[in-house]
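# Secondary and tertiary structure notes
Single-letter residue listing:
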Amino acid sequence: MICLTLSGSTLSDDLRAVKENREYIDMCELRLDFLTEDEQKRASIFPSLVDLPVILTFRRLQDGGCLNISEKSRRAILVSALDGDFKYVDIEEDVKRSEVEDKAREKGVRIIRSLHDFEKVPEDIYSKLYHLSEKGDIAKVAVTPRSFQDVFTLFRVEEELKGVDKIVIGMGEYGVATRILYKKLGSMLTFASSNEVAPGQISAKELKLEYRADHVNDRTAIYGIIGNPVLHSASPRMHNRGFKAINFNAIYVPFLVDSVRSFFMFAEYMKIRGFSVTVPFKVDVLSYLGNVTREVKQIGSCNTVVRVPGMWKGINTDYYGFIKPIMADIDSGRIKTALVIGAGGASHAIVWALRNYGVKVTILNRTLSRAETIARINLCDYDSIENASRYEGSVDLIVQTTSVGLYPEVDQNPIEAFHFSGNEIVYDIIYKPKMTKLLSEAEKAGCKLHYGSEMLLEQGKLQFEAFTGYHYPHWVDSGLE
Ligand code: ATR
């Protein structure tokens, strides 16, 4: 179930939020601590105004609530609200037996016994959950993973506490995967917001339409992307839309990771079928792979990992994703020479791809030694980025691989002094923004342009094939263009 947390200051604000999100949610949680005093007094009518089950909650300040009020008054407001037809009431784990609990039991309102920790995942989380559930209540823990190992701990809850009615939420950025894969944790529900208001929160619309989190079942295959940062990756949208279009029972999740080792242990445990790899782990994953393709071996980095019998296999779809949009121009002989700006990981894959197709390459970089290293391996020339102007009029293709010009520094261009003749094909692998400063100057000179989004889409399509065995459905809007 997807549960919308209601944080309006009036009941009509909350009603509006329910209406706006109605098609994405199965229940809602009325947070009394956000309501004004007058509205709190009217809260009992709320369940009769909506057509879904409502959780009644009055969060204390120490548990993340937003109202400083005496415990006695808080309970009195809860008791009065319980006149309404709430399905559940949330009572914190350390609250002794009270009139709230008595009234709830008398009325058959199920109690959610909750524990919050904004600092960490408590060490004895499994026994804590068990104790919360002892009286037949629904045990709820909302805790804060500080590492990927903590996330793994939360995913093991289901095996440790099978058959216990529970709600398990990992808060903060590491917790995002637990909110999306709540069903795999055995959590009865996941909380969603109207829109993404805090780090780690996901909107109800995103959970329902993009992730289809409520469709996850025992047979749903898990895929994902590991990186740090990773939460703004466009890949989940692309892959989840593709899975949906071909009726493939799978979900693709962003995993914020701090340790590749923890992630591989998790991936074994959860039987993950495959995952994308982004900055800064494209080299770190290599030592966990039992099989790699020639590209991975020669480029020294891997952006896609898939499960094959008994081991993990690494492939690199970046290089092919890069080359595909310019392949026709290479085949026709239009591109024979190239300048590659930058000498990082991305540059290495690109230089390798160009050399593989016989293009003569010169690498320009701020730090000459890094350009030299890639140039030696790939048998090409190199120079300092300051000398870019020397190559004016003599290259067919210019590829920009540095982070210069990337959002938010959109007014920067790594080869400011370079004059385009208009005959160059200019390819910037940055995709945010689509039109970088370099590209807009090249466009003014009449150059043919290629965008980072083309590379992203092509490498993603290949990953999709590696994951599913099917082509990416051509009729789907991948969200990348
Ligand atoms: P990636 O894996 O995305 O290629 P990387 O390995 O960190 O990332 O490489 C970053 C590239 O951007 C390098 O070529 C870097 O130049 P240096 O090798 O001199 O560091 C380049 N780069 C980053 N910031 C730059 C800047 N302000 N000016 C010029 N080049 C820059």
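For the structure, see preceding data.
Within any chain, residue numbers begin from 1 and follow the written order of that chain's sequence. It should be noted that, the model being predicted, local features are given only for residues of pLDDT at least 70 and side-chain atom pairs only at 80 or more, the latter also being counted only at that level, while totals for whole chains, interfaces and linings use all residues. Values shown for side chains rest on all heavy atoms present in the structure; no hydrogens or waters enter the calculation.

### Quick look at empty space enclosed by the protein
A 1.4 Å probe that fits into a set of points on a 1 Å grid over the protein atoms alone but cannot get out defines a cavity; an open set with protein on both sides within 12 Å along at least five of seven lines defines a pocket, and lining residues are those with an atom within 4 Å of a point. Grid points are joined across faces, edges and corners, and a volume is the space filled by probe spheres set on the points. Counted under the stated rule, the structure contains 1 cavity of 30 Å³ or more. Those elements giving two or more residues to the lining of the largest cavity turn out to be α4 (71-81) and β4 (88-92). In DSSP terms, a helix is any run of H or I states spanning at least four residues, a strand is any run of E spanning at least two, and both are numbered starting from the N terminus.

### Describing the pairing of strand β6 (residues 138-143)
Regular strands have side chains that alternate between both faces of the sheet. Note on exposure labels: buried denotes an accessible area under 20% of the residue type's maximum, exposed denotes more than 50%, and partly exposed covers the range between, all computed with a 1.4 Å probe on protein chains only. The element β6 is extensively covered by neighbouring structure, given that 6 of its 6 residues are classed as buried. Side chains Ile138, Lys140 and Ala142 of β6 all project onto a buried face; the interleaved residues Ala139, Val141 and Val143 project onto the opposite face, where all are buried too. When DSSP finds two or more bridges between two strands, those strands count as paired. Bridge analysis of strand β5 (residues 110-116) against β6 gives 5 bridges, and the strand direction is parallel. Each residue of the ladder has a partner; that of isoleucine 112, found in β6, is isoleucine 138. Crossover handedness is defined by viewing with both strands directed away from the observer: a clockwise path from the first strand over the helix to the second marks the crossover as right-handed. With respect to chirality, the unit in which β5 leads through helix α6 (residues 125-133) into the neighbouring parallel β6 is right-handed. In terms of strand pairing, β6 meets strand β7 (residues 166-170) through 5 bridges, oriented parallel.

### A short note on the side chain of serine 478
Relative to the helices and strands, serine 478 resides in the segment after α19 (452-468). In protein, a polar contact requires one atom able to donate a hydrogen and another able to accept it; more generally it is a pair of N or O atoms within 3.5 Å, and residues adjacent in sequence count only if both atoms are side-chain atoms. One polar contact links the side chain of serine 478 to the main-chain amide nitrogen of leucine 480, over a distance of 3.2 Å.

### Some details on the packing of aromatic side chains
Note on aromatic pairs: the rings of Phe, Tyr and Trp (six-membered ring only in Trp) are paired at centre separations within 6.5 Å, and the planes decide the class, stacked below 30 degrees, edge-to-face beyond 60, tilted for the rest. By the definition in use, this model includes 26 aromatic pairs. With 6.4 Å between their ring centres and 75° between their planes, phenylalanine 248 and tyrosine 470 make a pair best called edge-to-face. Highlighted residues: phenylalanine 248 in the loop between α11 (235-245) and β10 (250-256) and tyrosine 470 in the segment after α19, separated in sequence by 222 residues. Accessibility expressed as a relative area gives 17% for phenylalanine 248, which makes it buried. The exposure class assigned to tyrosine 470 is partly exposed, which follows from its relative accessible area of 49%. Each ring, one from phenylalanine 264 and one from tyrosine 288, has its centre 4.7 Å from the other, and the planes form 10°; the classification is stacked. With phenylalanine 264 in helix α12 (residues 260-269) and tyrosine 288 in the loop between β11 (274-277) and β12 (291-292), this pair connects stretches of sequence that are 24 residues apart. Following the ring pairs from residue to residue traces out a cluster consisting of Phe148, Phe152, Phe155, Phe255, Phe263, Phe264, Phe266, Tyr269, Phe275, Tyr288 and Trp312. Charges are assigned to positions over rings by a cutoff of 6 Å between ring centre and Lys NZ or Arg CZ, combined with an angular limit of 35 degrees from the ring normal. Its end group placed over the ring of tryptophan 312, arginine 307 keeps NZ or CZ at 4.6 Å from the ring centre. Of note, lysine 432 hangs over the ring of tyrosine 407, and the distance from its end group to the ring centre comes to 4.7 Å.

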